[in-house]
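Summary of structural features
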Amino acid sequence: MNYLGWCIKKPGKLAGRTHQDWLMEYAKWTFSSFPYHRKGQPLFVHGNYNARTGCRKEVNLKDGPDSSVTIFMNDPIIVEVIGVNYIMGDADRLGKTIKNEEDIMCALNFEDEMHSDGKVMFKNIMDSHFTDISSCVERIRTKIFRFSASKYNPYLQEWDIPMPSGSHLGAFSSQLLLLKIPVSGEYLLKFEARSFSDFESCGIYQIIVTKRNAASGISSSQINDLKDRYSDLKHRVISVTTGKIICIHDFKDPSGHVKLGKRK
């Protein structure tokens with residue numbers, strides 16, 4: 001299967017939207033009061049907000065696919081491999097206060113230089129090996145625009161620099177991959193990229209794809225033990241039932257202390 005053909009590269013559009021359009025939609029979703037996937041809506045895929053919790057995981061390696069994501073065929077999938085935002089009044093990586101639009105752009109330029117090229121792997125569960133679709137990752141930046149951060153968002157206060165609620169003027173820069181899956185089935189998507197020494201964005205998503213007129217539930221044939229099937233990923237995830245980190249060596253400094261990731 002040519003999974004590269006399922007990806008959208010610039011200047012192509014996904015569901016009528018460009019890469020920049022989707023990055024702005026991702027930003028609105030990220031700061032909304034309900035930043036979770038709703039079936040039938042675009043699937044926004046991102047890494048963890050906080051390095052202390054290891055890789056973001058939407059896959060249950062132990063108990064079956066109850067923590068997976070279910071979407072319809074050809075639903076837009078927006079993968080934010082790694083990214084950053086800066087807003088007016090924020091401080092840049094060097095601690096300088098951002099006072100104008102030029103400062104925002106300078107902060108994004110500096111941050112982008114620190115990001116490694118993102119790596120994205122994709123496969124159907126029946127495939128023997130992952131397909132590398134990293135060549136479809138695009139570096140995208142939004143214009144400066146006004147957006148709102150909800151006070152009900154459960155993540156914003158957990159960032160290393162908490163995001164205040166309310167209206168903000170800022171811009172986003174990301175490595176973005178746009179994807180659609182035109183064939184029903186079960187797929188695995190994993191990605192990662194590094195920035196400064198204290199931050200890695202990574203995620204693992206199990207994606208169940210159904211026809212739009214099909215029942216939303218998961219068939220009994222899909223409810224099986226995934227532990228061995230995804231054994232190559234065990235060292236990168238946390239326990240579904242306990243939340244205990246299986247292995248966090250990527251996020252510790254020499255003293256053994258866990259480092260915080262930067263704001264997304």
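The structure presented is a predicted model; accordingly, all values stated were derived computationally and were not measured.

1. What to know about the nonpolar core
Counting residues in each nonpolar core, the largest one holds 27 residues, and the members touching the most others are Phe122, Leu177 and Ile181. Within the residue set of this core, elements represented by two or more residues are strand S2 (43-46), strand S4 (69-72), strand S5 (77-87), strand S6 (119-124), strand S10 (166-179), strand S11 (185-194) and strand S12 (200-210).

2. Some remarks on helix H1 (residues 19-30)
Between its first and last C-alpha atoms H1 spans 16 Å; for 12 residues at 1.5 Å apiece the expected length is 16 Å, and the two agree. Turning to H1, its buried residues number three or more, namely His19, Trp22, Leu23, Met24, Tyr26, Ala27, Trp29 and Thr30. For H1, the elements touching its buried residues are strand S1 (7-8), S2, S5, strand S8 (138-141), strand S9 (145-149) and S10.

3. Section: the pairing of S2
Where burial is concerned, the two faces of S2 agree: the one with Leu43 and Val45 and the one with Phe44 and His46 are both buried. As paired strands, S2 and S5 are joined by 4 bridges and run parallel to one another. Paired with His46 across the bridge in S5 is Glu80.

4. What about helix H2 (residues 101-114)?
With 14 residues, H2 ought to run about 20 Å at 1.5 Å a step, and its terminal C-alpha atoms sit 21 Å apart, in line with that. The set of residues buried in H2 consists of Asp103, Ile104, Ala107, Leu108, Glu111 and Asp112. Its buried side turned inward, H2 meets S5, S8 and S10. N-capping of H2 is provided by Asn100, with a side-chain oxygen placed 3.2 Å from the backbone N of Glu102.

5. Remarks on unusual backbone geometry
The omega torsion across Lys10 and Pro11 is 5°, close enough to zero to call that bond cis. For Pro11, the position within the fold is in the loop between S1 and H1. A positive phi angle is found at Asn74, which is not glycine, with a value near 70°.

6. Some points on the packing of aromatic side chains
Under the defined criterion, the tally for this structure stands at 16 aromatic pairs. Both rings, one in Phe145 and one in Phe172, keep their centres 5.9 Å apart while their planes meet at 35°; by these two values the pair is tilted. Of this pair, Phe145 sits in strand S9 while Phe172 sits in strand S10; the two residues are 27 residues apart in sequence, bridging distant segments of the chain. Comparing Phe145 with Phe172, the two get one shared label, buried. When the ring of Phe191 is compared with that of Tyr205, the centres are 6.5 Å apart and the planes differ by 25°; the resulting orientation is stacked. Remark: Tyr205 occurs in strand S12 and Phe191 occurs in strand S11; sequence separation between them is 14 residues. Every member of this aromatic cluster is reached through a ring pair, and the members are Tyr3, Trp6, Phe122 and Tyr187. Over the face of the ring belonging to Trp22 we find Arg17, whose NZ or CZ atom lies 4.9 Å from the ring centre.

7. Looking at the pattern of salt bridges
The full count for this structure, using the stated rule, is 5 salt bridges. The salt bridge partner of Arg141 is Asp112, with a shortest N-O separation of 2.6 Å. Of the two residues, Arg141 sits in strand S8 while Asp112 sits in helix H2, which places them 29 residues apart along the sequence. Relative accessible area serves as the criterion here: at 25%, Arg141 is assigned to the partly exposed category. Among the ionic pairs, Asp117 bridges to Arg139, the shortest N-O distance being 2.9 Å. In this pair, Asp117 is assigned in the loop between H2 and S6 and Arg139 in strand S8, connecting sequence segments 22 residues apart. Accessibility expressed as a relative area gives 40% for Arg139, which makes it partly exposed.

Thresholds applied
Residues numbered from 1 in each chain as written. Predicted model: local features only at pLDDT ≥ 70, side-chain atom pairs only at ≥ 80, totals over all residues. Heavy atoms only, no water. Core = buried A, V, L, I, M, F, W, Y, C linked by side-chain atoms within 4.5 Å. Buried < 20%, exposed > 50% of the residue type's maximum accessible area, 1.4 Å probe, protein only. Helix = DSSP H or I, 4+ residues; strand = E, 2+ residues; numbered from the N terminus. Expected span 1.5 Å × (residues − 1). Contact = heavy atoms within 4.5 Å. Pairing = 2+ DSSP bridges. Polar contact = N/O pair within 3.5 Å; in protein donor to acceptor, adjacent residues only side chain to side chain. Phe/Tyr/Trp six-rings, centres within 6.5 Å; stacked < 30°, edge-to-face > 60°. Lys NZ or Arg CZ within 6 Å of the ring centre and 35° of its normal. Salt bridge = Lys/Arg side-chain N within 4 Å of Asp/Glu carboxyl O.

These figures come from the coordinates and say nothing about function on their own.
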